[in-house]
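# Survey of secondary and tertiary structure
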Amino acid sequence: MGLLQPHGRRRRADGQARLKTVIVANLTQARAALDAARAEDDHRGESIGLVSPPDAAIQYGVLFYVQLSEALATEYPDLKPVVAVDCGDRADLAHDAMRLGLKSIIFRGDARAAESLADIAAQLGITFEARSA
């Protein structure tokens, strides 16, 4: 089984391709994961999901992930990389990430804030995941 191969079946019950995910903290790690996906030649029809470590937006800032996403989209258009940024319990950073164009957000904060952020994300077509702290 390769680095990016999902466990079990390759397709969901509805026939859609699964999203493969890899935790990355920097551009070097992201490139390594995407290079491995390309080398496996096993990514057809699947987006490669890159997930930041917990609280990464707090530590590195949202703009780091915006620039990371833009660089990877340019370098790996065939892989359609998606970078999910973990904003911890900071609703302001989650909102900034949406406003600045990130397409996948993880939030670990207050349930009422998560509900509001989820509504905004739905309107913008952004994947939003609320996790317990």
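Just above sits the structure.
Scope of this entry: the structure provided in the associated data block. Just so it is clear, the structure is predicted and the values come from calculations on it, not from any experiment. (Residues numbered from 1 in each chain as written. Predicted model: local features only at pLDDT ≥ 70, side-chain atom pairs only at ≥ 80, totals over all residues. Heavy atoms only, no water.)

Take the pattern of salt bridges next. A pair can form between side chains of opposite charge whenever their charged atoms are brought close. Overall, the coordinates contain 7 salt bridges when judged by the stated rule. Between Asp 110 and Arg 112 there is a salt bridge; the shortest N-O distance is 4.0 Å. According to the relative accessible area criterion, Asp 110 is partly exposed, its value standing at 42%. The exposure class of Arg 112 is exposed, given its relative accessible area of 67%. (Salt bridge = Lys/Arg side-chain N within 4 Å of Asp/Glu carboxyl O. Buried < 20%, exposed > 50% of the residue type's maximum accessible area, 1.4 Å probe, protein only.)

Once that is clear, we can look at the packing of aromatic side chains. Inspection of every chain in the model, using the stated rule, returns 4 aromatic pairs. Relative to Tyr 65, the ring of Tyr 60 has its centre 6.4 Å away and its plane inclined at 70°; by these criteria the two rings are edge-to-face. A residue is classified by how much of its surface remains accessible, and Tyr 60, at 38% relative accessible area, is partly exposed. Classification of Tyr 65 by relative accessible area gives buried; the value is 0%. Members of the aromatic cluster, joined through ring pairs, are Tyr 60, Phe 64 and Tyr 65. (Phe/Tyr/Trp six-rings, centres within 6.5 Å; stacked < 30°, edge-to-face > 60°.)

Coordinates in, geometry out; function isn't part of it.
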